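Analysis of the macromolecular model
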Amino acid sequence: MRRWAMVLAAVLVLGSGLSGCGGEGSGLTIGSQGFTESRILAEMYRQMLVANGVDAHVKTVMNRELLEPALSDGDVALAPDYAATLAEFLNLQENGPNAPPVASPDLDTTMAALTRLAAEQNLRPGTPTLAVDQNAFAVTREFAAEHNLRTLSDLGASGVEVRIAAGEECKVRPFCGPGLEQTYGIKVSGVDPLGVGTAVAKQAVRQGRDQMVLVTTTDATLDRYGLVILADDKKLQNADNIVPVAYQGDADRVLPIVDRLGPVLTTEDLAALNRKVDQQRRRPATVVHDYLKAHGLI
């Protein structure tokens, strides 16, 4: 199995603090990538597992490049992810940077590819939810008006150079910086490593330090920052259904429990949960508990 150089960083960051987390008596570790939606989904898994007698806790691992090796090694037992994005991530790991895409707007096609690639990394995906999220790129209303922008194609045609507030990995991911350049001809001057849709990333764009921010289509806070999403008119992004991904050794124990979320959680539900946490400042644990209780999942 091919692993990126980030594996070494993952070992150093996660180290002994996660070793044996899937073992008996120590409780299972659920990985979260740190942004609101990932924290909500990880907390859903935790509460569902605990309600079914499985001791579990959430550990924040800031990006997929660190989280995936921890899952593959069994240091993390379970994590929420996005079907198409993870399939392409694993595809590039397994088949190299020039590998043809395997993800598709068709969920069955994407899941078949994801299941095959995940098995090579000691992973097993569970049942995808009805909820779909996608990466999206937002600019301020003023910037959009000044340059007459409604779509990412408009931005490419404008010739305006932008720096993107995003995760560090945006520099290399095919659906981020490189994809914007190749698909839309957008001039990307650099990536400001402030995270995906974080408050500081959106603030950097609002204040003009950066010109564009990587967010998600279920982000409930864009109005607060005066931001608008530029339409992905050439379909750079695949539709990403939320999917639980488990370490193979823990899959039989955890997936039957969290898979019950699949036919219940909708895109609208997820956006509403994000809004309650990001706008109403409610605690993720409380919001999740109320939702799971109302839908008979705990």
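Attention in this report is confined to the structure presented alongside it. (Residues numbered from 1 in each chain as written. Predicted model: local features only at pLDDT ≥ 70, side-chain atom pairs only at ≥ 80, totals over all residues. Heavy atoms only, no water.)

1. Comments concerning the overall build of the chain
For the chain, the helix and strand inventory stands at 12 helices and 11 strands. Its C-alpha atoms give the chain a radius of gyration of 19 Å, within 12% of the compact-globule value 19 Å for 298 residues. Across its three principal directions, the C-alpha atoms of the chain cover 60 × 45 × 35 Å. Counting all 298 residues of the chain, 55% fall into the buried class. A separation threshold of at least 6 residues defines the contact pool for the chain, and within that pool the share at least 24 residues apart is 77%. Carbon and sulfur atoms form 51% of the exposed surface of the chain, whose accessible area is close to 12,600 Å². Separation between the mean location of the 28 positive side-chain charges and that of the 36 negative ones in the chain comes to 5 Å. (Helix = DSSP H or I, 4+ residues; strand = E, 2+ residues; numbered from the N terminus. Rg over C-alpha atoms; globule rule 2.2 N^0.38 Å. Buried < 20%, exposed > 50% of the residue type's maximum accessible area, 1.4 Å probe, protein only. Contact = heavy atoms within 4.5 Å. Areas by Shrake-Rupley, 256 points an atom, 1.4 Å probe, with all protein chains shown as cover. Lys, Arg positive; Asp, Glu negative; His and termini not counted. Charge placed at Lys NZ, Arg CZ, Asp CG, Glu CD.)

2. Remarks on the packing of helix α11 (residues 267–278) against helix α12 (residues 284–294)
To characterise two packed helices, one gives the angle between the axes of the helices and the distance between these axes. At their nearest, the axes of α11 and α12 sit 9 Å apart, and the two run at 145° to each other. Seen along the crossing, α11 lies across α12 with a hand that is right-handed. Residue-level inspection shows D269, L273, K276 and V277 of α11 in contact with α12, the latter providing P284, V287 and Y291. Considered class by class, the residues forming the contact of α11 with α12 number 5 nonpolar, no polar and 2 charged. (Axes fitted to C-alpha atoms, helices over the stretch in contact; angles between N-to-C directions. Left-handed = near helix turned anticlockwise from the far one by under 90°. Nonpolar A, V, L, I, M, F, W, Y, C, P; charged D, E, K, R; others polar.)

3. Quick look at the environment of R116
Take R116: it is sitting in helix α5 (residues 107–120). On the basis of relative accessible area, R116 is assigned to the partly exposed category, the value being 48%. R116 sits 29 residues away from A87 along the chain, and the two C-alpha atoms are 9.2 Å apart.

4. Description of the side chain of N238
With respect to the secondary-structure elements, N238 resides in the loop between β10 (227–230) and β11 (240–247). If we skip the residues at most four places from it in the chain, N238 touches A84, A103, S104, P105, Q134 and F175.

5. What to know about the sheet that holds strand β8 (residues 187–193)
If you walk across this open sheet you meet the 5 strands as β8-β7-β9-β6-β10, and the pairing is mixed. Here the strands that pair on one side only, and so sit at the sheet edges, are β8 and β10. Taking each pair of neighbouring strands and ignoring which way they run, the sheet shows an average axis angle of 40°. In the sheet, strand β6 (residues 135–140) pairs with β10 via 4 bridges, with the strands oriented antiparallel. Among the inter-strand pairings, T140 is bridged to a residue of β10, identified as L227. Against the sheet, helix α8 (residues 177–184) makes contact with β6, β7 (161–166), β8 and β9 (212–216), and its axis sits at roughly 165° relative to β8, the strand it touches most. Strands β6, β7, β9 and β10 of the sheet are contacted by helix α9 (residues 199–206), whose axis makes an angle of about 145° with β9. (Pairing = 2+ DSSP bridges.)

6. Some thoughts on the packing of helix α4 (residues 83–95) against α5
With their axes 9 Å apart at the nearest point, α4 and α5 run at an angle of 45° to one another. As far as their axial angle goes, α5 and α4 are oblique. For the pair α4 and α5, the crossing hand works out as left-handed. Taken together, the residues of α5 that come into contact with α4 (itself represented by A83, A84, L86, A87, L90, N91, E94 and N95) are L107, T110, M111, L114, L117, A118 and E120. (Parallel < 35°, antiparallel > 145°, perpendicular 65-115°, else oblique.)

7. So, unusual backbone geometry
If a residue is not glycine, its phi is most likely negative; likewise, a peptide bond is most likely trans. Backbone geometry at N148 places phi at a positive 55°, although glycine is not the residue there. We classify N148 as exposed; its relative accessible area is 61%. At K235, a position not held by glycine, the phi torsion is positive, near 60°. Position of K235 among the secondary structure elements: in the loop between β10 and β11.

8. Regarding α4
In a regular helix each residue adds 1.5 Å, so 13 residues correspond to 18 Å; α4 covers 18 Å between its end C-alpha atoms and thus fits that length. With 12 of 13 residues buried, α4 is to be regarded as a mostly interior element. Packed against the buried residues of α4 are α3 (64–72), β3 (78–82), α5 and β11. Count one or two residues on from α4 and you reach G96, which has phi positive near 95°. (Expected span 1.5 Å × (residues − 1).)

9. Overview of the pattern of salt bridges
The final tally for this structure, using the stated rule, is 11 salt bridges. Between E168 and K171 there is a salt bridge, and its shortest N-O distance comes to 2.7 Å. In this structure E168 comes out as partly exposed when scored by relative accessible area, which is 38%. Across the salt bridge formed by E169 and R173, the nearest N and O atoms sit 3.7 Å from each other. Overall, E169 belongs to the buried group, its relative accessible area being 13%. Through salt bridges with shared partners, a single ionic network connects E65, E169 and R173. (Salt bridge = Lys/Arg side-chain N within 4 Å of Asp/Glu carboxyl O.)

10. Some thoughts on the nonpolar core
Among the nonpolar cores identified, the biggest contains 33 residues, and M44, L49, L78, L261, L265 and L292 are the most heavily contacted of them. Those elements giving two or more residues to this core turn out to be β1 (28–32), α2 (36–51), β3, β11, α10 (248–258), α11 and α12. Among the elements that make up this core, the one with the highest residue count is α2 (7 residues). In contact with L292, not counting residues within four places along its chain, are M44, Q47, M48, L261, L297 and I298. By size, the runner-up hydrophobic cluster in this structure holds 24 residues, among which are L149, A166, C170 and L230. (Core = buried A, V, L, I, M, F, W, Y, C linked by side-chain atoms within 4.5 Å.)

Interpretation in functional terms is not warranted from these geometric data alone.
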